[in-house]
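One letter stands for each residue in the lines below.
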Amino acid sequence: MASNTMAADELEIDRRGAENRAEGLDPAGILPGWRAAGLRYYSYNFFLRQKFGCRVHKISLDAGFTCPNVDGTVARGGCTFCDNRSFSPSRRLPRQGILGQFEEGIRRVRRQYNVERFLAYFQPATNTYAPVARLRPLYEEALSHPQAVGLAIGTRPDCVPPDVLDLLEELAGRTYLSVEYGMQTMHDRSLDWMNRGHHHDAFLDAIERSRGRGFEICAHVILGLPGETPADMLATARELARLRVDAVKLHNLYAVRNTPLAEQVARGEVTLIDRDAYVRTLVDFLELPPTDCVVERISGDAPPDYFIGPAWCLDKPAVRAAVDAEFVRRGTWQGRKWQGQAR
C-alpha cells in the first residue's frame, strides 16, 4: 500500500511539474524573475544586476599561464581551435601586473559603458594550472582593487587538485567566485578531435569535487563540433541539466588563424555551422537546462585580425535578435523541456 502511495505522489509531482513548465513557471510553481522581466533565458547581465544591484562588467586578466595540453603534460599543440589571443583581450596586449591590467581594462570598458563594479576574469589558458603558492597572490591582488566585486576563473576540469579547490572554497567564502570549466562536449570522440587531453570523466570528477564549496560552477560548451549531430549536442544539454551546473557558456565553433582548425576549414575537411542551424540548435539546447541555470554567453567571435569564419557570428546583436525571435516563434523559453525537480 505504501509503495502505491509513493508512486501516486511521484506521478502527481510529475504532473504538477509538467503544468508549471507549460505555464513558464519553475518546478516550484514560481515565475522566475528573468521571465517576469520579459526575457526568454536567464541572462548573465540579469543575474549580475540582481546580485549586485548594478551593472557589472568582466575585466580579462592574463596571469601568464599555459595549459597541460600545450606544455606536454597530457599533449602538445593545445586545442585544435585555440589561439588564446583570439578570444582574450588581455593576451593581445603587452603584459602588465594584475592591477595594471585591471586598471587598463576599466579604462577600456568606460569608453563605452557607465560601469562602476567589475569582476576580475582570469581568462586565457588554464588559470588554476600552478601551485597554490603562485595562485593565491594573483587572485588576492585582483581582489584588492576597490572596484572588484568578485572573481571569474577559467580552467580545465583536470587542473583542480584538492589544495586548489580548498583555495577556491576559501575565496568563495568572502567574495563572489565563478569557476568556469571547459567541458566543451560530453562526447569523448569530440574531445579527442580537439586534442583536449582528457575525456568527459574528468569533467564529472571536477564537478563532483567542486560541489558544496560555495563557488558558482560554470560549464563552457561548443556547438557545431565536427561529426556532432543535433542529437549529440542535445545529449550534452541533457547531461548539463542532469548535473545541475550553476551556469553555462555557449558558442558556435569558429575558426581563427594559425590553428589546426583553420587548416581543416581551408582544406574543406570541416564545415562551420551556419547561423540558422546554430540558432535552432541553441534554442533546442536552452529548453533543456533548468530555469535557475544562468546563461553567461550564447555566441562567440574573434577580432578581425584573427578571425576566419563563419562571418555571421561577428554580428553579435543580430545573433541575439535571431535567438530571441526563434524563442518567440516557438513560444518557448529556457527550461521549457527540463525534466528534473527543484533544488
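An account of the accompanying structure is given in this report.

Calculation notes
- Residues numbered from 1 in each chain as written.
- Predicted model: local features only at pLDDT ≥ 70, side-chain atom pairs only at ≥ 80, totals over all residues.
- Heavy atoms only, no water.
- Salt bridge = Lys/Arg side-chain N within 4 Å of Asp/Glu carboxyl O.
- Helix = DSSP H or I, 4+ residues; strand = E, 2+ residues; numbered from the N terminus.
- Buried < 20%, exposed > 50% of the residue type's maximum accessible area, 1.4 Å probe, protein only.
- Pairing = 2+ DSSP bridges.
- Axes fitted to C-alpha atoms, helices over the stretch in contact; angles between N-to-C directions.
- Contact = heavy atoms within 4.5 Å.
- Parallel < 35°, antiparallel > 145°, perpendicular 65-115°, else oblique.
- Left-handed = near helix turned anticlockwise from the far one by under 90°.
- Nonpolar A, V, L, I, M, F, W, Y, C, P; charged D, E, K, R; others polar.
- Expected span 1.5 Å × (residues − 1).
- Disulfide = S-S within 2.5 Å.
- Phe/Tyr/Trp six-rings, centres within 6.5 Å; stacked < 30°, edge-to-face > 60°.
- Lys NZ or Arg CZ within 6 Å of the ring centre and 35° of its normal.

Attention shifts here to the pattern of salt bridges. Inspection of the entire model under this criterion finds 24 salt bridges. Across the salt bridge formed by Asp205 and Arg209, the nearest N and O atoms sit 3.0 Å from each other. Residue Asp205 and its partner Arg209 are both found in helix α9 (residues 200–210); the two are separated by 4 residues, about one turn of the helix. Residues Glu326 and Arg329 are paired through a salt bridge, measuring 2.8 Å at the closest nitrogen-oxygen approach. Of this pair, Glu326 and Arg329 both sit in helix α13 (residues 316–330), 3 residues apart, which is roughly one turn of the helix. Of the residues examined, Arg329 reaches a relative accessible area of 60% and is grouped as exposed. Where salt bridges share partners, they join Asp284, Glu287, Glu326, Arg329, Arg330 and Lys337 into one cluster.

Right, let's get into the sheet that holds strand β4 (residues 176–184). Strand order across the open sheet formed by 7 strands is β1-β2-β3-β4-β5-β6-β8, with parallel pairing between neighbours. Only two strands of the sheet have a single neighbouring strand rather than two, namely β1 (56–61) and β8 (294–297). The sheet shows a mean angle of 25° between the axes of neighbouring strands, taken without regard to direction. Relative to the sheet, helix α12 (residues 275–286) contacts β5 (216–223), β6 (247–252) and β8, its axis offset from that of β6 by approximately 165°.

Here we come to unusual backbone geometry. Across the junction of Gly309 and Pro310, the peptide omega takes the value 5°, indicating a cis bond. Looking at the secondary structure, you find Pro310 in the loop between β9 (307–309) and α13. We note that Gln184 has phi near 75°; this positive angle belongs to a residue other than glycine. By the secondary structure assignment, Gln184 is in strand β4. Even without being a glycine, Asn258 presents a positive backbone phi close to 60°. Residue position: Asn258 is located in the loop between β7 (255–256) and α11 (260–266). Taking the relative accessible area as the measure of exposure, Asn258 reaches 71% and is therefore exposed.

Contact geometry of helix α6 (residues 132–143) with helix α7 (residues 162–172) gives a least axis separation of 10 Å together with a crossing angle of 20°. By the angle class used here, α6 and α7 are roughly parallel. In this structure, the crossing between α6 and α7 has a hand that is right-handed. Across the interface between the two elements, Val132, Leu135, Arg136, Tyr139, Glu140 and Leu143 of α6 pack against Asp163, Val164, Leu167, Leu168, Glu170 and Leu171 of α7. Among the residues making up the contact of α6 with α7, the classes are represented as 8 nonpolar, no polar and 4 charged.

A few words on α13. In an α-helix, one turn spans 3.6 residues, which is why side chains three or four residues apart end up on the same side. Relative to the 21 Å expected for 15 residues at 1.5 Å per residue, α13 spans 21 Å between its end C-alpha atoms, a close match to the ideal helical length. Of the surrounding secondary structure, the elements contacted by the buried residues of α13 are α12. Just past α13, the residue Gly331 takes up positive phi, approximately 65°.

Okay, the state of the cysteines next. Here, the word disulfide means a covalent bond between the sulfur atoms of two cysteines. A full pass over the atoms with the stated rule returns 0 disulfides. Note on Cys67: no disulfide assigned, nearest cysteine sulfur contributed by Cys82 at a separation of 6.6 Å. Unpaired in terms of disulfides, Cys218 finds its nearest cysteine sulfur in Cys293, a separation of 7.9 Å. You can call Cys218 buried: its relative accessible area is 1%.

Before going further, it helps to spend a moment on helix α3 (residues 44–52). Turning to α3, its buried residues number three or more, namely Tyr44, Phe46, Phe47 and Leu48. Turning to α3, the residues buried within the fold contact α2 (33–36), β1, β2 (117–122), β4, β5 and β8. Looking one or two residues beyond α3, the residue adopting positive phi is Gly53, at roughly 75°.

With that settled, the discussion passes to the packing of aromatic side chains. For the structure shown, the criterion picks out 11 aromatic pairs. Arranged with centres 6.3 Å apart and planes meeting at 15°, the rings of Trp34 and Tyr42 form a pair that is stacked. Summarising the burial analysis for this pair, Trp34 and Tyr42 share the class buried. Here Phe122 and Tyr139 contribute two aromatic rings whose centre-to-centre distance is 5.3 Å and whose plane-to-plane angle is 75°, an arrangement assigned as edge-to-face. Taken together, the residues span a long stretch of sequence, with Phe122 in strand β2 and Tyr139 in helix α6 at a distance of 17 residues. The exposure class of Phe122 is buried, given its relative accessible area of 0%. Following the ring pairs from residue to residue traces out a cluster consisting of Trp34, Tyr42, Tyr44, Phe46, Phe47, Phe52 and Tyr176. Over the face of the ring belonging to Trp333 we find Arg35, whose NZ or CZ atom lies 4.2 Å from the ring centre. The residue whose ring lies beneath Lys51 is Phe52, and the NZ or CZ to ring-centre distance is 5.9 Å.

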